[in-house]
Amino acid sequence: MRQIGDRGVAALRVLDPRSGATRRVLSVGGLLVSVGLDGRILSGNGAVLEAAGCDDEQQLRGRFFWDVFIDPTERDDVRARFASAAPDHAAAEYENTFTNARGEERVIFWRSAPVHDEAGRVVSIVAGGLDISERQRFEVEAAYLSLTANVVSAAIEEALLRARIKATRDVIHIAREELAILQRQERLGEIAGEAVAAQEAVLAAARAQLPPLEKALSEERDRMAALVGRYPSETPT
């Protein structure tokens, strides 16, 4: 398996974490597979079945991703990297060559990202891929530039917003503690009221940053909900 640079990914369908179903979101062809936290395949679209050399999704569901799409010589390494990626399973890109169930050699470029529930816990991993077995490299590069990585980009943006919200809440907590100290010092006559007023302004400014971030996170979760085919009010399990 070879790590490669930043590219888009063709996503024909995306996973609904509640039902395990996949739904069409783009007209371009591509593989899309949902993988559980144990590495087992939950569901996949028709392109995934074709690449794996299978006729029925039941032939894939419940099998480990690496047992289907990874060459035997690389499986131990992939298993180790999957385990080390837990619990966050950060977004990743890779290209691998394997032989499918029909004895056909396939080359797939994958791009994966975690799917979170309302509490921010990772509940599964969604991976979009392009079968580049029959294509010249320059054609693949051109195709990637024209494709939009909807699911992956939404998952990455959500993770970034969560990190910013956490950092902002940490700042608010520290500013509140510092204000309490200054207020005690003012009551004891150790400092002037201007110092307290200045810290109150710092706290107010930090608090003002939180609502826009929380609103952006809510909107990003709605976007992800639309991509995976569920209502924003529904919580994945």
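A.B. asks: Tell me about the sheet that holds strand β5 (residues 92-99), residues and numbers included.
C.D. replies: A sheet is described by the order of its strands in space; here 5 strands give the open sequence β4-β3-β7-β6-β5, paired in antiparallel fashion. Because the sheet does not close on itself, it has two edges, and the strands there are β4 (41-44) and β5. Put simply, the sheet's adjacent strands are angled 30 degrees from each other on average, direction ignored. Sheet topology note: the β5/strand β6 (residues 105-116) ladder contains 8 bridges and is antiparallel. When the bridges of β6 are listed, Phe-98 appears paired with Arg-106.

A.B. asks: Tell me about the pairing of β4, and please be specific about residues and values.
C.D. replies: Inspection of the sheet shows strand β3 (residues 31-35) paired to β4 by 3 bridges, in the antiparallel sense. Residue pairing across strands places Val-35 opposite Ile-41, the latter belonging to β4. The hairpin formed by β3 and β4 contains 5 residues between the paired strands, and Gly-39 there has a positive phi angle of roughly 90 degrees.

A.B. asks: Account for the nonpolar core, with residues named and values stated.
C.D. replies: Counting 23 residues, the largest nonpolar core has Val-33, Leu-60, Phe-65, Phe-69 and Trp-110 as the members making the most contacts within it. With sequence-adjacent residues up to four places away left out, Phe-65 is seen in contact with Val-33, Val-35, Gly-39, Ile-41, Ile-70, Tyr-94 and Trp-110.

A.B. asks: Any details on the environment of Glu-57? Residues and values, ideally.
C.D. replies: Here Glu-57 lies in the loop between α1 (46-52) and α2 (65-69). Sequence spacing of Glu-57 and Gly-44 is 13 residues, and the spatial spacing of their C-alpha atoms is 7.1 Å. In contact with Glu-57, other than residues within four places in its own chain, are Leu-42, Ser-43, Gly-44 and Leu-49.

A.B. asks: Can you explain the side chain of Glu-93? Please cite residues and give values.
C.D. replies: Within the secondary structure layout, Glu-93 lies in strand β5. By relative accessible area, Glu-93 is classed as buried at 10%. In this structure the side chain of Glu-93 is engaged in a polar contact, spanning 2.9 Å, whose partner is the side chain of Arg-111.

A.B. asks: Could you give an account of the side chain of Thr-168, naming the residues involved and the relevant values?
C.D. replies: Examined against the element boundaries, Thr-168 turns out to sit in helix α5 (residues 150-187). What makes Thr-168 buried here is its relative accessible area of 8%. Within the structure, the side chain of Thr-168 is placed 2.8 Å from the backbone oxygen of Arg-164, a separation counted as a polar contact. Setting aside residues no more than four positions away along its own chain, Thr-168 makes contact with Ala-206, Gln-209, Leu-210 and Leu-213.

A.B. asks: A description of the environment of Ala-197 should follow, citing residues and the corresponding values.
C.D. replies: In this structure, Ala-197 sits in helix α6 (residues 193-228). C-alpha separation for the pair Ala-197 and Leu-182, spaced 15 residues apart in sequence, amounts to 9.5 Å.

A.B. asks: With reference to specific residues and values, describe the pattern of salt bridges.
C.D. replies: Enumeration over the complete set of coordinates arrives at 16 salt bridges. Across the pair Arg-111 and Glu-93 runs a salt bridge whose closest N-O atoms are separated by 2.9 Å. Pair noted here: Arg-111 is in strand β6 and Glu-93 is in strand β5, with a separation of 18 residues, a long-range link. The pair formed by Arg-111 and Glu-93 is uniform in burial state, with each residue classed as buried. The closest approach of N and O atoms between Arg-106 and Asp-131, which form a salt bridge, is 2.4 Å. Pair noted here: Arg-106 is in strand β6 and Asp-131 is in strand β7 (residues 122-131), with a separation of 25 residues, a long-range link.

Rules and cut-offs
- Residue positions are given per chain, counted from 1 along the sequence in the order it is written.
- Local features in a predicted model are, by the rule used here, given only for residues with pLDDT of at least 70; side-chain atom pairs are given and counted only at 80 or more, and totals for whole chains, interfaces and linings are based on all residues.
- Side-chain numbers here rest on the full set of heavy atoms in the structure, without hydrogens or water.
- A pair of strands is treated as paired once DSSP finds two or more bridges between them.
- Strands here mean DSSP runs of E at least two residues long; helices mean DSSP runs of H or I at least four residues long; both are numbered from the N terminus.
- Whenever a helix is involved, its axis is fitted only over the stretch in contact; in every case the axis is a line through C-alpha atoms, and angles between N-to-C directions fall within 0 to 180 degrees.
- For the purposes of this section, nonpolar cores are sets of buried Ala, Val, Leu, Ile, Met, Phe, Trp, Tyr and Cys residues that join through side-chain atoms within 4.5 Å.
- Each residue is assigned to one of three classes by its accessible area relative to the maximum for its type, calculated with a 1.4 Å probe on protein chains only: buried under 20%, partly exposed between the two thresholds, exposed over 50%.
- Contact definition: two residues touch when any of their heavy atoms are within 4.5 Å.
- Side-chain atoms alone can form a polar contact between residues adjacent in sequence; in general such a contact is a pair of N or O atoms within 3.5 Å, and within protein one must be able to donate a hydrogen while the other accepts it.
- Any Lys or Arg side-chain nitrogen found within 4 Å of a carboxyl oxygen on Asp or Glu counts as a salt bridge.

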